[in-house]
Amino acid sequence: MQGSWKKLYIAAAFILTLALIAGCGAGSSGTPEEPTQQAAGGTNGQDQAQPEEQAQPEAGGEVNIYTARHYDVDAELYSQFTEATGITVNVIEGKAPELIEKLKREGASTPADLFITVDGGILNTAKVEGLLQPIESEVIDAQVGEGLMDTDKEWIGLSTRARVIVYAKDRVDPAELSTYEALAEDNWQGKVLVRSSTNLYNQSLLASLIAIDGEEAAEQWAAGIAANLAREPEGGDRDQAKAVVAGAGDVAIMNTYYVGQMSVSDDPEEVKVAEQVGVFFPNQDTTGTHINISGAGLIKHSKNKDNAVKLIEFLTAPAAQETISLANYEYPVNAEAKLPELLASWGEFKHQELDFAVYGENNPKAVEIANKVGWK
Ligand code: FE
């Protein structure tokens, strides 16, 4: 076992070193692709990993991640994994489409073992591009909930997030709220806040409604939302909640975890915003609340496949799942994981039952519809 690890390590280290050299040669593009090493005790820092450091292998070898998730908690978990297994975790951060291009370019010579990103559509794109391979692990099968992994197990969910309706507690009676579809009706004119349709969260929501309600109804919905906007879309999800509290509109479509994160923010204004908005899970009597997923795909040409699978097993175990949920307020994919108090207080909810691949498949249509109806 040790011997094969060593061989794997040497091969991977050689390829990674080559990649680093090649990367440095082309590296003045300013993209956030500097590799950062997340060995034990490491932080989510910007330290550039030196090839010399990688010539000193840990007993357990290594695993190389290309990730579009930029959360401190991820780095913390990689450190814990290294401590527990001796496997060094090397991370290259970037935007998901750039990382996919990088993987395509590198082909069989890629040093990457795992691709980690947010959004089921993007994970599906990596699969469709032929960049991934099935992940075989009974541990993962037992730990991850049904429907929260790729149908061919080429990627595995690490967390989910719900896109909900957030409302001004002092002005809106939650009994007035029901579905996403209802927010497009005339009585919400000038009261709806949502970020730009250029954002993937909204594109995936619209993609899900195309799948559920059909293209024509989804277009009518998008047109209704665009007509009901309280203001031209600006800012991110947090800014929509802030605008609700400031009185710019009454309801906002946004992801739950931002409310959780604001509730423990260092900024007292954000804490106040989190206190003054209510969270409503739409479509409970119909098709369920829209959820999206973050996940890890196993790279087809992974040189450290066993280590990569071990890392996914670690990340989907109850302990890591609770850490992710507590730090980010995302929902765990492992039902054994305990929810943070705030999430538990919102209660259980029914969510859409869709193959996440649909978000990718319907994305071009969603973008086309948003443009057509003038949702900026
Ligand atoms: Fe986000």
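Residues numbered from 1 in each chain as written. Predicted model: local features only at pLDDT ≥ 70, side-chain atom pairs only at ≥ 80, totals over all residues. Heavy atoms only, no water.

## Side note on the overall build of the chain
- What the chain contains, in helices and strands, is 16 helices and 9 strands.
- Out of the 376 residues in the chain, the part that is buried amounts to 55%.
- Carbon together with sulfur atoms contributes 51% to the accessible area of the chain, which is approximately 16,100 Å² in total. (Helix = DSSP H or I, 4+ residues; strand = E, 2+ residues; numbered from the N terminus. Buried < 20%, exposed > 50% of the residue type's maximum accessible area, 1.4 Å probe, protein only. Areas by Shrake-Rupley, 256 points an atom, 1.4 Å probe, with all protein chains shown as cover.)

## Let's talk about unusual backbone geometry
- Phi is positive for D119, which is not a glycine, with a value near 95°.
- Here D119 shows up in the loop between strand 4 (114-118) and helix 5 (120-128).
- Positive phi, normally seen in glycine, also occurs at Y329, with a value near 65°.
- Summarising the element assignment, Y329 is placed in the loop between helix 13 (318-328) and helix 14 (341-346).

## Some remarks on the pairing of strand 2 (residues 62-67)
- Across the 6 residues that make up strand 2, a large majority, 6, are buried.
- Alignment of strand 2 against strand 3 (residues 88-93), held across 6 bridges, turns out to be parallel. Bridge pairing in strand 3 links I65 to V91.
- You can see the chain leave strand 2, run along helix 3 (residues 72-85) and come back into strand 3, and the turn it takes is right-handed.
- Where strand 2 and strand 4 come together, 3 bridges link them in parallel fashion. The residue bridging I65 from the neighbouring strand is L114, located in strand 4. (Pairing = 2+ DSSP bridges. Right-handed = clockwise from strand over helix to strand, strands pointing away.)

## Structural notes on the packing of aromatic side chains
- Taken as a whole and judged by the stated rule, the model has 7 aromatic pairs.
- With 4.3 Å between their ring centres and 35° between their planes, Y257 and Y258 make a pair best called tilted.
- Residue classification places Y257 among the buried residues on the basis of a relative accessible area of 1%.
- Following the ring pairs from residue to residue traces out a cluster consisting of W155, F356 and Y359. (Phe/Tyr/Trp six-rings, centres within 6.5 Å; stacked < 30°, edge-to-face > 60°.)

## Side note on the side chain of N202
- Counting through the fold element by element, N202 comes out in helix 7 (residues 200-213).
- Under the relative-accessibility criterion, N202 is labelled buried at 2%.
- At 3.0 Å, the side chain of N202 and the backbone oxygen of R195 are in polar contact.
- At 3.0 Å, the side chain of N202 forms a polar contact with the backbone oxygen of S196.
- Aside from chain neighbours lying at most four places away, what touches N202 is R163, V194, R195, S196, S197 and W375. (Polar contact = N/O pair within 3.5 Å; in protein donor to acceptor, adjacent residues only side chain to side chain. Contact = heavy atoms within 4.5 Å.)

## Digging into the layout of surface pockets
- The computed volume of the largest pocket comes to approximately 710 Å³.
- As for the largest pocket, its lining consists of 30 residues, of which E146, L148, I291, P332 and H351 are closest to the centre.
- Of all elements in the fold, only strand 5 (155-168) and helix 14 reach the threshold of two or more residues within the lining of the largest pocket.
- Grouping the constituent residues of the lining of the largest pocket by class yields 17 nonpolar, 8 polar and 5 charged.
- Counting contributing residues per domain, the lining of the largest pocket is built from domain 1 (59-160 + 291-338) and domain 2 (161-290 + 354-373), each supplying no fewer than three. (1 Å grid on protein atoms, 1.4 Å probe; cavity = no way out; pocket = protein on both sides within 12 Å on 5 of 7 lines; lining within 4 Å. Points joined across faces, edges and corners; volume = space filled by probe spheres on them. Nonpolar A, V, L, I, M, F, W, Y, C, P; charged D, E, K, R; others polar. Domains from an automatic or database assignment.)

## With respect to the coordination of the iron ion
- Every protein donor of the iron ion is accounted for by Y201 (OH), Y257 (OH) and Y258 (OH), and the metal-donor separations fall at 1.9 to 2.1 Å.
- Along the chain, the residues donating to the iron ion are arranged with the sequence spacing Y-x55-Y-Y. Of this pair, Y201 sits in helix 7 while Y257 sits in helix 10 (residues 256-263); the two residues are 56 residues apart in sequence, bridging distant segments of the chain. Side by side, Y201 and Y257 carry an identical accessibility label, which is buried. (Donors = N, O, S within 2.8 Å, 3.2 Å for Na, K, Ca; no water.)

## Concerning the pattern of salt bridges
- All told, the structure shown has 21 salt bridges when counted by the stated rule.
- For R231, the salt bridge identified is with E234, shortest N-O distance 3.9 Å.
- One continuous salt-bridge network, built from bridges that share partners, spans R69, D74, R161 and E330. (Salt bridge = Lys/Arg side-chain N within 4 Å of Asp/Glu carboxyl O.)

## As for the side chain of E93
- Summarising the element assignment, E93 is placed in strand 3.
- Buried charge without a partner: E93 forms no salt bridge, and the closest opposite charge is R69, 9.5 Å away.
- Within polar-contact distance, the side chain of E93 engages the side chain of H70 at 3.1 Å. (Lys, Arg positive; Asp, Glu negative; His and termini not counted.)

## Digging into the confidence of the model for the chain
- Put simply, the chain has an average pLDDT of 88, and 84% of its residues get 70 or more.
- Throughout residues 1-58 the model reports pLDDT below 50, and contacts reaching past four residues in sequence, or to other chains, amount to 87 contacts. (pLDDT = per-residue confidence, 0-100.)

## Overview of the packing of helix 12 (residues 305-316) against helix 13
- Close contact between helix 12 and helix 13 brings their axes to 4 Å; oriented N to C, the two are set at 65°. Residue-level contacts link F314, L315 and T316 of helix 12 to P318, A320, Q321 and I324 of helix 13.
- Counted by class, the contact of helix 12 with helix 13 contains 5 nonpolar, 2 polar and no charged residues. (Axes fitted to C-alpha atoms, helices over the stretch in contact; angles between N-to-C directions.)

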